[in-house]
Amino acid sequence: MTSAAELVETRLAAQISAVNPEAVAESIVGHSSHQAKQRFAMQASTVDIIAMAAFLLRLRDIADRTYDMFKTADLMDDQPKGSNARAELLRETREKIAVVGAALEALGFGRSPPTVPTRQE
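Only a predicted model underlies this, so the values are computations on that prediction, with no experimental measurement involved.

Here the focus is the overall build of the protein. Counting its regular elements, the protein contains five helices and zero strands. Reading the helices (α) and strands (β) of the protein from amino to carboxyl end gives α-α-α-α-α. C-alpha extents for the protein along the principal axes are approximately 65 × 60 × 35 Å. If you take every contact in the protein between residues at least 6 apart in sequence, the share linking residues at least 24 apart comes to 63%. As displayed, the protein offers around 9,500 Å² of accessible surface, 58% of which is attributable to carbon and sulfur atoms. Considering the protein, the positive charge centre built from 14 side chains and the negative charge centre built from 16 side chains are found 3 Å apart.

Moving on, we get to helix α5 (residues 84-106). Taking 1.5 Å of rise per residue, 23 residues should cover 33 Å, and α5 covers 33 Å from first to last C-alpha, within 8% of that figure. Within α5, burial applies to R86, L89, T93 and V100. The inward-facing, buried residues of α5 abut α4 (46-77).

Here we come to the confidence of the model for the protein. Per-residue confidence for the protein gives a mean pLDDT of 90, with 92% of residues at or over 70. In the model of the protein, helix α1 (residues 4-17) stands out as the element of lowest mean pLDDT, 89, in contrast to α5, which has the highest, 97.

So, on to the nonpolar core. Counting six residues, the largest nonpolar core consists of V19, V24, I28, A44, V47 and A51. Among the elements of the structure, α2 (21-29) and α4 are those that each provide at least two residues to this core. Aside from chain neighbours lying at most four places away, what touches V47 is L12, Q15, I16 and V19. Counting residues in each nonpolar core, the second largest holds five residues, with F55, I62, V100 and L107 among its members.

The contact between α2 and α4 brings their axes to 9 Å, and the two run at 110°. For the element pair α2 / α4, the angle class is roughly perpendicular. Together, P21, E22, V24, A25 and I28 of α2 and D48, A51, M52 and F55 of α4 make up the contact between the two elements. Here the residues of the contact of α2 with α4 are counted per class, giving seven nonpolar, no polar and two charged.

Rules and cut-offs
- Residues numbered from 1 in each chain as written.
- Predicted model: local features only at pLDDT ≥ 70, side-chain atom pairs only at ≥ 80, totals over all residues.
- Heavy atoms only, no water.
- Helix = DSSP H or I, 4+ residues; strand = E, 2+ residues; numbered from the N terminus.
- Contact = heavy atoms within 4.5 Å.
- Areas by Shrake-Rupley, 256 points an atom, 1.4 Å probe, with all protein chains shown as cover.
- Lys, Arg positive; Asp, Glu negative; His and termini not counted.
- Charge placed at Lys NZ, Arg CZ, Asp CG, Glu CD.
- Expected span 1.5 Å × (residues − 1).
- Buried < 20%, exposed > 50% of the residue type's maximum accessible area, 1.4 Å probe, protein only.
- pLDDT = per-residue confidence, 0-100.
- Core = buried A, V, L, I, M, F, W, Y, C linked by side-chain atoms within 4.5 Å.
- Axes fitted to C-alpha atoms, helices over the stretch in contact; angles between N-to-C directions.
- Parallel < 35°, antiparallel > 145°, perpendicular 65-115°, else oblique.
- Nonpolar A, V, L, I, M, F, W, Y, C, P; charged D, E, K, R; others polar.

This is how it looks when you write it as structure tokens:
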């Protein structure tokens, strides 16, 4: 049997996943005046704020993974070409690139922009 707390968590998770955190952030900071930013920030719901916070934490995790990826690539560059150590670090770097790429795609990055048909005369 599902508890009330589990139902609330499930409902909250569904509400959070329905929010576009980038659009919420843009609606807050996309104005030139401080007053407009403040007004839109105060209009953001608790769910909007939770969604933005979760998005920010996922981005921070990706930034940490990206830093680690670059660090591994730098270590690889320090190894002699053709060495086993370099080959292993290259393998690790490629794995980290795949992980970072997948994490970014999961957040919606890397999508091809919609193509705009060119006008033919």
